[in-house]
Amino acid sequence: FDLLVQRAERAEFAGNLLKLKRLNNMKDLSMSFKLWKGLQSHEITALSQSIHRMVRLSKVYLDFSQNSNFDQTCLRSLASSLKSLKKLQKLHLYFFSSHFTNRDCFDVLSKSFENSPTLSHLILDFGKSAQATSAQTKNLLLSLRTLTNLSKLDINFSSCPSPDNLTLQSLAQGVTNLTNLSSLKLNFSECPRINGESLMFIANALKKLTALKVFEFSLTKQPLKSTFLSFTEALIYPAHLSKLMLNFSHSKDLGDKEIKALAGSLHKFENLEYLELNLSFCLKITDKGLHELASHIGKLQSLKMLNLNLFGYNKITPGGCAFLRSQIARLESLKQTNLNFPITLSSSGSTRSQLRQ
């Protein structure tokens, strides 16, 4: 778009979008503002009004990154336009980078999906946003509880410097009553202000999400031991999980006791088809913990895909990995296995390699 339309023409072009019947009949809209360096507030408002006329839209993706020209007026216009889409089922918002200075942006844009009766899939990507503090995102995350028909929720805070445990608390409060939620994906990798205490908030939410079938959670480079057992106990509540992905890499305080508890939670998942565990550089885990994990994995008779990352361990022996392989061999339904072994096993020839079945 930037290559075709001069800045002075953008407002006219955006306003004329509503005259094109082909666009008015669109069901899928993807738009990125990050290259629109000279975009002005009134131009964004004109574009929002055009979106308002696309009444058939069911999927919308908007990328706001690296554009700081969103004031309250244009944000409210955009939120109102999105709110008016009566057939909207999937909404993906990629939020602002560190260049964005509007401190109330998240509150305003939460109105774009709040109380939506049709929205079934919501993706909120805060990607490295310095503005995504607990104070700024609290109301947005709490507004999730109004989405009673939501079935899929993806939230990405990875590498955001500002979120803290209160952010997780607001998120947990927002999703607790989403009884129709079947898929929940949360990424808090490399968020320096979040620690293991946040696992308690997620654990309490999981106890209410009994319809959950897909759960993905990432919390890396943080101490987790103090609350990890409570988290694993809560995992058994969504007993119908078919896909489980957990990333706790570089959590150096996790040991055999915690892995045993995690392994024990797997026995409830009779329908589990996909399992992905990233425990790389959890340096306190030994063969004892691996044996517990392998034994329970070997009982997952519905499992079709296994991804297990044990890279960086220095207390796992070739014998421990051999036992893991023997348990995997028991799974007749398994179609593909990806194993990343400890670097210390390089002399055995089984290190840093992938085993595929």
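Residues numbered from 1 in each chain as written. Predicted model: local features only at pLDDT ≥ 70, side-chain atom pairs only at ≥ 80, totals over all residues. Heavy atoms only, no water.

A. Spatial organisation of the overall build of the protein. When you go through the protein residue by residue, the secondary structure sums to twelve helices and eleven strands. Scored against the burial criterion, the 357 residues of the protein give a buried share of 54%. For the protein, the proportion of contacts with a sequence separation of at least 24, taken over those separated by at least 6, is 84%. Total accessible area computed for the protein in this model is approximately 15800 Å², and 49% of it derives from carbon and sulfur atoms. (Helix = DSSP H or I, 4+ residues; strand = E, 2+ residues; numbered from the N terminus. Buried < 20%, exposed > 50% of the residue type's maximum accessible area, 1.4 Å probe, protein only. Contact = heavy atoms within 4.5 Å. Areas by Shrake-Rupley, 256 points an atom, 1.4 Å probe, with all protein chains shown as cover.)

B. Layout of the confidence of the model for the protein. Across the protein, the average pLDDT comes to 85, with 84% of residues at or above 70. In this model residues 1–5 is a low-confidence stretch, pLDDT under 50, and it forms eight contacts with partners more than four residues away in sequence or in other chains. Ignoring residues within four places in sequence, the model shows residues 346–357, a span with pLDDT below 50, making 30 contacts including any to other chains. (pLDDT = per-residue confidence, 0-100.)

C. Region of the structure containing the packing of helix α8 (residues 198–206) against helix α9 (residues 225–234). Two elements in contact, α8 and α9, have axes separated by 8 Å at closest approach and are oriented at 15°. Classified by the angle their axes make, α8 and α9 are roughly parallel. Between α8 and α9 the crossing geometry is left-handed. Taking contact as the criterion, the partners of Leu199, Met200, Ile202, Ala203 and Leu206 in α8 are, on α9, Thr227, Phe228, Ser230, Phe231 and Ala234. Taken together, the residues that form the contact of α8 with α9 break down as eight nonpolar, two polar and no charged. (Axes fitted to C-alpha atoms, helices over the stretch in contact; angles between N-to-C directions. Parallel < 35°, antiparallel > 145°, perpendicular 65-115°, else oblique. Left-handed = near helix turned anticlockwise from the far one by under 90°. Nonpolar A, V, L, I, M, F, W, Y, C, P; charged D, E, K, R; others polar.)

D. Here's a closer look at the side chain of serine 218. When you line up the elements, serine 218 lands in strand β7 (residues 214–218). Taking relative accessible area as the criterion, serine 218 reaches 7% and is therefore assigned buried. Setting aside residues no more than four positions away along its own chain, serine 218 makes contact with Leu186, Asn187, Phe188, Ser189 and Asn247.

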